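Examining the three-dimensional arrangement
Here is how the chains run, residue by residue.
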Amino acid sequence: MGHDRISALELVANLPRGLYVDGRWRDSSTGARSSVHNPADGTVITDVADASVADAQAAIHAADTAQKHWGATTSRYRAELLRKAFDRVIERTDDFAALISLEMGKPLAEARGEVTYGAEFLRWFSEQAAHLSGSYAPAPNGGYRIVTARQPVGPALLITPWNFPLAMATRKLGAALAAGCTCLIKPAPQTPLTLALLTQIFHELEVPAGVVNYIPTVDAAAQSRALMDDARLRKVSFTGSTAVGSILLHQAADRVLRTSMELGGNGPFIVFDDADMDAAVEGAMLAKMRNAGESCVAANRFLVHTAIAEEFTERLAARFEALIPGDAFDAASTVGPLIDARQLAKVTELVDDAVAEGARIRVGGKPSGGEGYFYQPTVVTDVPDSARIAHEEIFGPVAAITTFDTEDQALERANATEYGLAGYVYTRDISRALHFAERLETGMVGVNRGLVSDPGGPFGGVKSSGLGREGGAEGIEEYLETKYLAVQL
Ligand code: SIN
């Protein structure tokens, strides 16, 4: 049965809220704790242990000690463990959804969607684990054999964001464990509870001590610096802003650490004049309003052909107006709050700046007021290039619309950004769609589809949007080295 707010709080009261290091739950070495808030009303939900640098060092010691054994387990064993974790997460869908809703704010129905999405990464990587392969071939000039084998990179630091507290964790953890890497996983300070439950599931499944270490902290900079300076750490995977990703990349350079970076986006959403209008509006709702726009693959800039711009805007505005911002546990709510006061202030500033630069508000345009960090679902049109919103990631429920007349104009505008994560194109002409998608400077393109995210697809960006891919056949590669043996016969 699904949770209401009261039973969700009871669930929290029974959750382990310490650190998980070397196979056991414990307090932080300093005794420090940090509060977790409900973004729907700003109230404190609970607190969790706050890992110190010494705790992080204990975790890397445990992960390094466990690596030798874990890396030597059979891939079948790891596959079965991940498959059992998938089953457990699905069994506890209501619990995970309640925690996600409580600490992150998305409506329960959407949180349940994240549980399915997040669990699927565990199943996907359980399937990938069992198919790790190598190769055997004669050397081109003869005389010996070229043999390749795949080996785990080694202990990996996984730094996860608050917007999808379960799915972004399983996407990293599933790949790392499948490859044979031990892990140190750090949740965002806003959303540690979901990951505490996931860690508890691995504990119940008797994952060997040191293989999964959970180290929440509010001082992410000190923690990651200490870990990345430690010769035992071999890999960092980060999802978050380009600014922080760039700092981590500089730090990683000192020790030539392997990195995977899923960073910011500025997704263009292009609608041609021959597009199926129903599908384009539906896709726009998904690409923009999934997670209240708090997603790095969210559509940030709508580029709509002049001939259909008014009809598209009117229909999108009507859909935005019908949305109901509200508490996640209220069945009527269709859109949640932003994560915190900082994010609310940022979205407010971006829209105010666009209006000052000449953009026009079609619907919404300000914070909802009252408790919590809600911003009205907003459509702005006539957004000039000088507006910040045309260049910066919004991460909120705001659709910024501009028009174009020719395909080249649309492409030039779409690519006029340092980012290159996801883009979307709507047209009935499949040849135009593919030609356009090929020239779009993004790692992912939704073609007549407003959602690209799928455990079976390689998720990742180009330009300042990151390095590497998560999910798909590529995801596990991020945690593997290729060992080459030259074998003289
Ligand atoms: C993200 O916003 O970081 C990823 C969202 C997704 O996987 O769809």
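Residues numbered from 1 in each chain as written. Predicted model: local features only at pLDDT ≥ 70, side-chain atom pairs only at ≥ 80, totals over all residues. Heavy atoms only, no water.

1. Describing the site of the ligand
- What surrounds the ligand is the set Tyr117, Asn163, Phe164, Met168, Arg171, Thr239, Arg290, Ser295, Cys296, Val297, Ser453 and Phe459.
- A distance of 2.7 Å is found between an oxygen atom of the ligand and a side-chain nitrogen or oxygen belonging to Tyr117.
- Ser295 places a side-chain nitrogen or oxygen 3.3 Å from an oxygen atom of the ligand.
- The fraction of the free accessible surface of the ligand (260 Å²) that becomes covered by protein chains is 99%.
- Each residue belonging to the shell around the ligand can be placed in one class, and the counts come to six nonpolar, four polar and two charged. (Near = heavy atom within 4 Å. Polar contact = N/O pair within 3.5 Å; in protein donor to acceptor, adjacent residues only side chain to side chain. Areas by Shrake-Rupley, 256 points an atom, 1.4 Å probe, with all protein chains shown as cover. Nonpolar A, V, L, I, M, F, W, Y, C, P; charged D, E, K, R; others polar.)

2. Comments concerning the pattern of salt bridges
- All told, the structure shown has 31 salt bridges when counted by the stated rule.
- Put simply, Arg33 and Asp27 hold a salt bridge, and the shortest N to O gap is 3.8 Å.
- Since its relative accessible area comes to 37%, Arg33 is described here as partly exposed.
- Taking relative accessible area as the criterion, Asp27 reaches 53% and is therefore assigned exposed.
- Of the charged contacts, one joins Arg123 and Glu120 as a salt bridge, the two residues approaching to 2.8 Å between their closest N and O atoms. In this pair, Arg123 and Glu120 are both assigned in helix α5 (residues 108-129), three residues apart and thus about one turn of the helix distant. (Salt bridge = Lys/Arg side-chain N within 4 Å of Asp/Glu carboxyl O. Buried < 20%, exposed > 50% of the residue type's maximum accessible area, 1.4 Å probe, protein only. Helix = DSSP H or I, 4+ residues; strand = E, 2+ residues; numbered from the N terminus.)

3. Quick word on helix α8 (residues 220-228)
- Every buried residue of α8 is listed here: Gln223, Ser224, Ala226, Leu227 and Met228.
- Residues of α8 that are buried in the fold lie against α2 (53-71), β7 (156-159), β8 (183-186), β10 (235-239) and α9 (242-255). (Contact = heavy atoms within 4.5 Å.)

4. Observations concerning the packing of aromatic side chains
- Inspection of the entire model under this criterion finds 11 aromatic pairs.
- When the centroid spacing of 6.0 Å and the interplanar angle of 70° are considered together, the rings of Trp70 and Tyr77 count as edge-to-face.
- For Trp70, a relative accessible area of 0% translates into the label buried.
- Consider the rings of Phe272 and Phe436, whose centres lie 5.4 Å apart with planes at 85°: the pair is edge-to-face. Linking Phe272 in the loop between β12 (267-271) and α10 (277-289) with Phe436 in helix α14 (residues 430-439), this pair joins segments that are 164 residues apart in sequence. (Phe/Tyr/Trp six-rings, centres within 6.5 Å; stacked < 30°, edge-to-face > 60°.)

5. Here we look at the side chain of Asn213
- Checked against the element boundaries, Asn213 lands in strand β9 (residues 212-214).
- Overall, Asn213 belongs to the buried group, its relative accessible area being 0%.
- Among the polar contacts listed, one links the side chain of Asn213 to the backbone oxygen of Gly210, at a separation of 2.9 Å.
- Not counting chain neighbours up to four residues away, the residues in contact with Asn213 comprise Tyr20, Val21, Asp22, Ala59, Ala62, Ala63, Cys183, Leu184 and Ile185.

6. Details of the state of the cysteines
- All chains considered together, the criterion is met by zero disulfides.
- Free of any disulfide, Cys181 has its nearest neighbouring cysteine sulfur in Cys183, separated by 6.7 Å. (Disulfide = S-S within 2.5 Å.)

7. Examining helix α6 (residues 167-179)
- Helix length check: α6, at 13 residues, gives a terminal C-alpha distance of 18 Å against a target of 18 Å (1.5 Å per residue), a fit within 8%.
- Burial analysis of α6 places 13 of its 13 residues in the buried class, which makes it a mostly covered element.
- Immediately beyond the C-terminal end of α6, within one or two residues, lies Gly180, with a positive phi of roughly 100°. (Expected span 1.5 Å × (residues − 1).)

8. A short note on the pairing of strand β11 (residues 258-262)
- In terms of burial, β11 is largely enclosed, as four of its five residues are buried.
- Pairing analysis gives five bridges linking β10 to β11, with the strands arranged parallel. What sits directly across from Phe238, in β11, is Met261.
- Handedness of the crossover joining β10 and β11 through α9: right-handed.
- In terms of strand pairing, β11 meets strand β19 (residues 466-467) through two bridges, oriented antiparallel. Across the sheet, residue Met261 finds its bridge partner in β19, namely Leu467. (Pairing = 2+ DSSP bridges. Right-handed = clockwise from strand over helix to strand, strands pointing away.)

9. Side note on the domain arrangement of the protein chain
- You can read the domains of the protein chain as domain 1 (5-264 + 467-488) and domain 2 (267-416 + 422-454).
- Between the C-alpha centres of domain 1 and domain 2 the distance comes to 31 Å.
- The interface of domain 1 with domain 2 comprises 24 residues on the first partner and 26 residues on the second.
- In this assembly, domain 1 packs against domain 2 so that about 2100 Å² is buried in total across both faces, 61% of it on carbon and sulfur atoms.
- The tally of links between domain 1 and domain 2 comes to one salt bridge.
- With its nearest N and O atoms 2.6 Å apart, the salt bridge here joins Asp327 to Arg5.
- Our count for the domain 1 to domain 2 interface comes out at eight residue pairs in polar contact (both at pLDDT 80 or more).
- Of the residues forming the side of domain 1 that touches domain 2, the biggest block, five residues, is contributed by helix α4 (residues 93-104). (Domains from an automatic or database assignment. Buried area = accessible area lost by both parts, 1.4 Å probe.)

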